[in-house]
Amino acid sequence: MSDLEDTNSAMTTGARYPYRRRLTDAPLLAAATGGRPSHRPVWFMRQAGRSLPEYREIRAGIGMLESCFNPELVCEITMQPVRRHKVDAAILFSDIVVPLKAAGVDLDIVAGTGPVVANPVRTAADVAALPRLRAEEVGAVTEAISLLTAELGDTPLIGFAGAPFTLASYLVEGGPSRNHERTKALMHSDPTTWHALLGALADTTIAFLQAQLHAGVDAIQLFDSWTGALSEADYRTYVLPHSERVFAEVAEAGVPRIHFGVGTGELLGVMGEVGADVVGVDWRIPLDEAGRRVGPGKALQGNLDPAVLFAGWDAVEKEVRRIASEADRAIAAGATGHIFNLGHGVLPDTDPAVLTDVVELVHSL
């Protein structure tokens, strides 16, 4: 059952978020908030694109960032995996650098490389000159959300943004980095400039998420893709306060908040402290152990290795069942729910039929 929330509703978020849908039976939202879902929910990071032939066809000749600012195209690409796989959530087709581009940062997404920044940010003056995002600058994104909420029916829509640390890494390095040496050097050599940078990026992330929430997304995920490169001590000192502020500023919307990073097994405990309702787990750590590290009172999301999808159905089925069992043990020990997902994004050469079969299997468990 789903309907648009009346602006006179007794729900506390009604006045500020008048377009919020009320998805009372959505399994993903139930699992994320300690409810009892009708079945185990599943969706896949990077499900909207890359592995789908219909995605490659519709994106032919259109740049990534150009696609992200085309509302009709965003709507269609976001819907494709929902139609094909019958997943329990759509995730907005976008990119974590979209709010930076919208604000005026000179960057592009280069095929085969990723985001490339024309003028890296490495000094206090660079930080002071960094443009801030205004909600109207992502009007194409909010228009796409309006189109999607009208089309999705009872399926929740997840909005997302990049966390301040990961955005900072791209800006400081000038693009993707294996060792994040310039980022860590700035962090340790000039903490004042570092915190000013992350404070500015937290402002941009909050503005981007708030725009999506006001447009009607049903959950949000904060991607801190590169935070696994840090020690727990560095995370607590240089990252936690800023990510914590992001989650605090969007709490009033009353939607599930998911946090995810890659290679973060040693950080799961501290990542569980920043304010998310759901902690995403990559494939390197069992979910029952992840639940122990995160602590009780949080739902878990994950964590099939994307590469296993190439191993044949017998291997895939075995791994899916193992993960579901580990998740059940985590719930028995205090986790509030489980959302099945991969431990990272869908790889481009993945057979879409395998993803469809995984959804059917997860729904049966």
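What counts as what
Residues numbered from 1 in each chain as written. Predicted model: local features only at pLDDT ≥ 70, side-chain atom pairs only at ≥ 80, totals over all residues. Heavy atoms only, no water. Axes fitted to C-alpha atoms, helices over the stretch in contact; angles between N-to-C directions. Helix = DSSP H or I, 4+ residues; strand = E, 2+ residues; numbered from the N terminus. Left-handed = near helix turned anticlockwise from the far one by under 90°. Contact = heavy atoms within 4.5 Å. Nonpolar A, V, L, I, M, F, W, Y, C, P; charged D, E, K, R; others polar. Core = buried A, V, L, I, M, F, W, Y, C linked by side-chain atoms within 4.5 Å. Buried < 20%, exposed > 50% of the residue type's maximum accessible area, 1.4 Å probe, protein only. Pairing = 2+ DSSP bridges. Right-handed = clockwise from strand over helix to strand, strands pointing away. Disulfide = S-S within 2.5 Å.

Engineer: Describe the packing of helix α8 (residues 164-173) against helix α10 (residues 191-215), and please don't skip the residues or the numbers.
Structural biologist: Describing two packed helices takes the angle between their axes plus the distance from one axis to the other. In the contact formed by α8 and α10, the axes pass within 9 Å of each other and the chain directions differ by 115 degrees. Note on packing geometry: the crossing formed by α8 with α10 is right-handed. When α8 is examined against α10, the residues Pro164, Phe165, Leu167, Ala168, Leu171 and Val172 are found in contact with a partner set consisting of Trp194, Leu197, Leu198, Leu201, Ala202 and Thr205. In terms of residue class, the contact of α8 with α10 is built from eleven nonpolar, one polar and no charged.

Engineer: Hey, could you go over the nonpolar core for me, with residue numbers and the actual values?
Structural biologist: Nonpolar side chains in soluble globular proteins tend to be buried together. Formed by 126 residues in total, the largest nonpolar core has its most connected members in Trp43, Phe44, Leu171, Leu197 and Val358. Top element by residues in this core is α10. It accounts for twelve residues. Excluding residues that lie within four positions of it along the chain, Phe44 makes contacts with Val87, Asn341, Leu342, Val346, Leu355, Val358 and Val359.

Engineer: Before we move on, can you summarise the pairing of strand β11 (residues 338-342) with the specific residues and values?
Structural biologist: Among the five residues that make up β11, five are buried, leaving the element largely enclosed by the rest of the structure. As judged from the five bridges shared by strand β10 (residues 299-304) and β11, these two strands associate in the parallel manner. Directly across from Leu304, in β11, lies its bridge partner Leu342. For the crossover from β10 across helix α15 (residues 313-332) to β11, the handedness is right-handed.

Engineer: Tell me what's going on with the state of the cysteines, and back it up with residues and numbers.
Structural biologist: Counted by the stated rule, this structure contains zero disulfides. Here Cys68 is not cross-linked by a disulfide; its sulfur's nearest cysteine counterpart is in Cys75, at 14 Å. Classification of Cys75 as buried rests on a relative accessible area of 7%.

Engineer: Can you explain the pairing of strand β4 (residues 107-110)? Please cite residues and give values.
Structural biologist: Every second residue of β4 is oriented toward a common face, the buried set being Leu107 and Ile109 and the non-buried set Asp108 and Val110. Where β4 lies against strand β5 (residues 114-117), four bridges are found, and the strand directions are antiparallel. Looking at the pairing, Asp108 lines up with Val116 of β5. Turn length for the β4-β5 hairpin, with the two strands adjacent in sequence and antiparallel, is three residues, and the turn residue Gly112 shows positive phi of about 80 degrees.

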